[in-house]
Structure formats: structure tokens, C-alpha cells
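What follows is each chain in one-letter form.
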Amino acid sequence: MKTLLQINSSIFSSGGQSSQLADHFVAAWRSHHRDARVVFRDLAQTPLPHLDAQRVTAFFTAPEARTPEQQAFAAESDALIDEIKQAEILVIGLPMYNFGIPSTLKAYFDQIARAGVTFRYTANGPEGLLAGKKAYVFATRGGLYAGTPLDSQTGYVRDFLGFLGIADVEFVYAEGLNMGEASKEAALAEAQQRLAMLAV
């Protein structure tokens, strides 16, 4: 049985355009994989704490030497890592805020990037430990950024996932959403058409 992990990062939760595209993709995908398991995480409804010195220290402290507080920090991260480890498919709803990814998604990334757990350093450089997964990223933007120097998201998200071993990453863009109703409708229609093709 396949498992899909969906992560929505819009501050508007299910009302965000990126969330809606991700939701539509997952619904279409499920119609082709009826016995699949879907795990859903909404970072607006359940935000994660940002990385701080206490959490980093907890991650690097040997399990048997952790304080109760450190054990709680590590357990929270471990649960997120177990969740993504069990998934063959990763779906991310990704709006653009002020030229970057949502801070809640960055907090999630920081919680799952653990040396010796989701990646390791070798004599040949870092090696991701989450290989064999497919990721779909639904990126929504008010303006037109894909393929320009102002698109800070695509390279960062692709590089981060690749660092963890997830090299098969498909981006679906819906851009120009704040550039008039016609532009918005055309962009969303194109994204819907693309996601329907990818969901088979």
C-alpha cells in the first residue's frame, strides 16, 4: 500500500491557492490509487517551532544523555521524520511570500534535516537517506518568477529535497495570480490541467 504525505504551507490553510492545487492533485491521485494511505499536515493549523539552540543541542545529544526537555524536542522531530520516511509520495503546497518560502515550511525542513537520520556526511560529501521518493510541488505566485533570478523557491526546495535524497521533484506553477482575473484564471486552469496529467 502506497503512502502519500501532503504538506500545505499556505497561511490561509485550505483557502490558499497552493493548498487547493495540492488538494486537487491528491484527490485525483487517490482516484487512481484507491488503496493508498494519505497523511495530511497543515502547517498553518499546526505550526512547528522554529529551530533554536535548545533544539539543535537536543538533536546532537546522545539519546541516553538527553534531559526530559531534550527528549521531547527530539521526539517531535523523530515523529516528523518517521512520517516522511513512510511516504513514497510527497506533495507540497508552496505559496511565495516576500520572494521566499513560508517560514512555517522552513521550520518543517529544519525539523527533518537531521545528520545521521535523514542525511549523512561521507568521504564523498553528503548523502541523502530518503531516496526512492517522488515529490510534487505546487507553487503559486502573485507575479511571474519562474525561470528568473527572483525565483528563490525552486532551486532551494529542489536542493533541500535532493540533500535528503529526494531527487525526483516535479514543480507545477500557477503564476500571475495577482495580475488580473484573466491571468489568474488562465494560470490556475493550466495548473489544474497539468496536475490531472501527473496524478495518473
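Note: the structure precedes this text.
Residues numbered from 1 in each chain as written. Predicted model: local features only at pLDDT ≥ 70, side-chain atom pairs only at ≥ 80, totals over all residues. Heavy atoms only, no water.

1. Focus on helix H5 (residues 152-163)
Between its first and last C-alpha atoms H5 spans 17 Å; for twelve residues at 1.5 Å apiece the expected length is 16 Å, and the two agree. Among the residues making up H5, those that are buried are Gln-153, Thr-154, Val-157, Phe-160 and Leu-161. Buried residues of H5, seen end-on, are gathered within an arc of 150° and therefore sit on one face of the element. Looking at the buried positions of H5, the neighbouring elements they touch are strand S3 (89-95), helix H4 (103-112), strand S6 (134-140) and strand S7 (168-174). The opening residue of H5, the one whose side-chain oxygen lies 3.2 Å from the backbone nitrogen of Gln-153, is Asp-151. Taken from the residues just after H5, Gly-165 is the one with a positive phi, measuring 100°. (Helix = DSSP H or I, 4+ residues; strand = E, 2+ residues; numbered from the N terminus. Expected span 1.5 Å × (residues − 1). Buried < 20%, exposed > 50% of the residue type's maximum accessible area, 1.4 Å probe, protein only. Arc of directions from axis to C-beta. Contact = heavy atoms within 4.5 Å. Polar contact = N/O pair within 3.5 Å; in protein donor to acceptor, adjacent residues only side chain to side chain.)

2. Brief notes about the packing of helix H3 (residues 68-85) against H4
Viewed as axis vectors pointing N to C, H3 and H4 meet at an angle of 90°, and their least axial separation amounts to 8 Å. Classified by the interaxial angle, the pair formed by H3 and H4 is roughly perpendicular. For the pair H3 and H4, contact is made by Glu-76, Ser-77, Leu-80, Ile-81 and Ile-84 and by Tyr-108, Gln-111 and Ile-112, respectively. The residue inventory of the contact of H3 with H4, partitioned by class, reads five nonpolar, two polar and one charged. (Axes fitted to C-alpha atoms, helices over the stretch in contact; angles between N-to-C directions. Parallel < 35°, antiparallel > 145°, perpendicular 65-115°, else oblique. Nonpolar A, V, L, I, M, F, W, Y, C, P; charged D, E, K, R; others polar.)

3. Notes on the packing of helix H1 (residues 17-32) against helix H6 (residues 181-198)
Describing two packed helices takes the angle between their axes plus the distance from one axis to the other. In contact at an axis separation of 9 Å, H1 and H6 are set at 30° when each is read in the N-to-C sense. What the angle tells us is that H1 and H6 run roughly parallel. Crossing geometry of H1 relative to H6 is assigned as right-handed. Here Gln-17, Leu-21, His-24 and Phe-25 of H1 come into contact with H6, specifically with Lys-184, Leu-188, Ala-191, Gln-192, Leu-195 and Leu-198. Class assignment for the residues of the contact of H1 with H6 results in six nonpolar, three polar and one charged. (Left-handed = near helix turned anticlockwise from the far one by under 90°.)

4. Focus: the sheet that holds S6
Across the sheet, five strands lie side by side as S2-S1-S3-S6-S7; this open sheet has parallel pairing. Strands at the two margins of the open sheet, each flanked by one partner only, are strand S2 (37-42) and S7. Geometrically, the sheet is characterised by an average inter-axis angle of 15° between neighbouring strands, direction not taken into account. Where strand S1 (residues 3-8) lies against S3, five bridges are found, and the strand directions are parallel. Note that in S3 the partner of Asn-8 across the bridge is Gly-93. Running over the sheet, H1 touches S1, S2, S3, S6 and S7 and is turned about 165° from S1. (Pairing = 2+ DSSP bridges.)

5. A short note on unusual backbone geometry
Positive phi, close to 55°, is recorded for Ser-13, a residue that is not glycine. Turning to its location among the elements, Ser-13 is positioned in the loop between S1 and H1. Its relative accessible area of 10% is what places Ser-13 among the buried residues. The phi dihedral of Phe-99 is positive, around 75°, even though this residue is not glycine.

6. Concerning H4
Most of H4 sits out of view: eight of its ten residues are buried. Among the residues making up H4, those that are buried are Thr-104, Leu-105, Ala-107, Tyr-108, Phe-109, Asp-110, Gln-111 and Ile-112. Buried positions along H4 lie against S1, S2, helix H2 (53-60), H3, S3 and H5.

7. Notes on the environment of Tyr-156
Along the chain, Tyr-156 turns up in helix H5. The spatial distance from the C-alpha of Tyr-156 to the C-alpha of Asp-82 is 23 Å, given a sequence separation of 74 residues. If sequence neighbours within four positions are ignored, Tyr-156 has contacts with Ile-101, Lys-106 and Phe-109.

8. Here's the deal with the pairing of S7
Note that S6 and S7 share seven bridges and pair parallel. Across the sheet, Tyr-136 pairs through a bridge with Glu-170, a residue of S7. Following the chain from S6 across H5 to the adjacent parallel S7, one finds a crossover that is right-handed. (Right-handed = clockwise from strand over helix to strand, strands pointing away.)

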